[in-house]
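Listed here are the chains, written in short residue letters.
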Amino acid sequence: ETGVTQTPRHLVMGMTNKKSLKCEQHLGHNAMYWYKQSAKKPLELMFVYNFKEQTENNSVPSRFSPECPNSSHLFLHLHTLQPEDSALYLCASSPDRANTEAFFGQGTRLTVV
Amino acid sequence: KQEVTQIPAALSVPEGENLVLNCSFTDSAIYNLQWFRQDPGKGLTSLLLIQSSQREQTSGRLNASLDKSSGRSTLYIAASQPGDSATYLCAVTGRNTPLVFGKGTRLSVIA
């Protein structure tokens, strides 16, 4: 248990569905991240929030929409996804954006059918 | 653009062996380097964090070294056990970049 909790752990959705991934941390961290992990690829950074403000959008398609209502919660809203979006989506947090240790959740395994 | 490479991609060793995993990065202007462990289908567990001013960190049977000027880090695992079987990931942060990851080394320790 790392202190970063992601729900759901598994999600199967159709290409026309809308769903949301949730990430929660009570570590008192100010930075939160979404990463995508596909087979045979390095983890890819998607979004960074620092003190609830988005500081990075790594050229992510608009069908992925992040939301950070407070420093403890981070969401990833999904709509009209493609099968190639199937992957493990990992949330992480750190005390601040740089020079500090990052902690990851267990991930959400997403399958788009 | 920072790139991280991990060698070997996969490694299989008998139980009890000492082993070394390698990580290299292209931009030496890093803030820190972090080693993670990932079990199949699971999230990442932080193993060791080395700040850019440090040369090594130790935790139990794990020792990580950092040579920032040459862009290299090694993770040394002593007396390997079957429970050490997992994928090991190396990642670096920089002034304007959050964690950048390598593809990992998949380790199998055979009993």
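The following paragraphs examine the structure supplied in this document. Numbering of residues starts from 1 in each chain and follows the order in which that chain's sequence is written. A letter from A marks each chain and a number from 1 marks each ligand, given out in the order of writing. A pLDDT threshold of at least 70 governs which residues receive local features in this predicted model, and a stricter bar of 80 or more applies before side-chain atom pairs are shown or counted, although totals over entire chains, interfaces and linings include all residues. Hydrogens are left out, water is left out, and the side-chain values use all remaining heavy atoms of the structure.

**Section: the interface of chain A and chain B**
So the rule is basically this: A contact between two residues is defined here by any heavy atoms of the two lying within 4.5 Å. Summed over both partners, the accessible area lost on bringing two parts together, with a 1.4 Å probe, is the buried area. When a carboxyl oxygen of Asp or Glu is within 4 Å of a side-chain nitrogen of Lys or Arg, the pair counts as a salt bridge. Polar contacts, as used here, are pairs of N or O atoms within 3.5 Å; protein pairs need one atom able to donate a hydrogen and one able to accept it. Residues neighboring in sequence count only if both atoms are side-chain atoms. By definition, any uninterrupted DSSP run of H or I lasting at least four residues is a helix, any uninterrupted run of E lasting at least two residues is a strand, and each is numbered from the N terminus.
The partner chain B presents 23 residues to the 24 residues of chain A that form the contact. For the pairing of chain A and chain B, the buried interface totals around 1,700 Å² over both sides, and the portion due to carbon and sulfur atoms is 55%. Taken together, the connections running from chain A to chain B amount to zero salt bridges. For the pair chain A and chain B, the number of links is five residue pairs in polar contact (both at pLDDT 80 or more). Taken together, the elements giving at least two residues each to the side of chain A that touches chain B come down to β4 (31-37), β5 (44-50) and β9 (87-94) of chain A.

**Focus on the pairing of β4 of chain A**
Residues and elements named next belong to chain A. How we decide: Three labels apply to residues, based on accessible area from a 1.4 Å probe with only protein chains included: buried if under 20% of the type maximum, exposed if over 50%, partly exposed otherwise in between. Strand pairing is assigned whenever DSSP identifies at least 2 bridges connecting the two strands.
Burial runs high along β4: seven of the seven residues are buried. Taking every second residue as pointing to the same face, both faces of β4 are buried, with Ala31, Tyr33, Tyr35 and Gln37 on one and Met32, Trp34 and Lys36 on the other. Across six bridges, the pairing between β4 and β5 is antiparallel. The residue of β5 that forms the bridge with Tyr33 is Val48. In this antiparallel pair of consecutive strands, β4 and β5, the connection spans six residues, and Lys40 shows a positive phi of 65 degrees. In this structure, β4 lies alongside β9, joined through seven bridges in antiparallel fashion. The residue of β9 that forms the bridge with Trp34 is Cys91.

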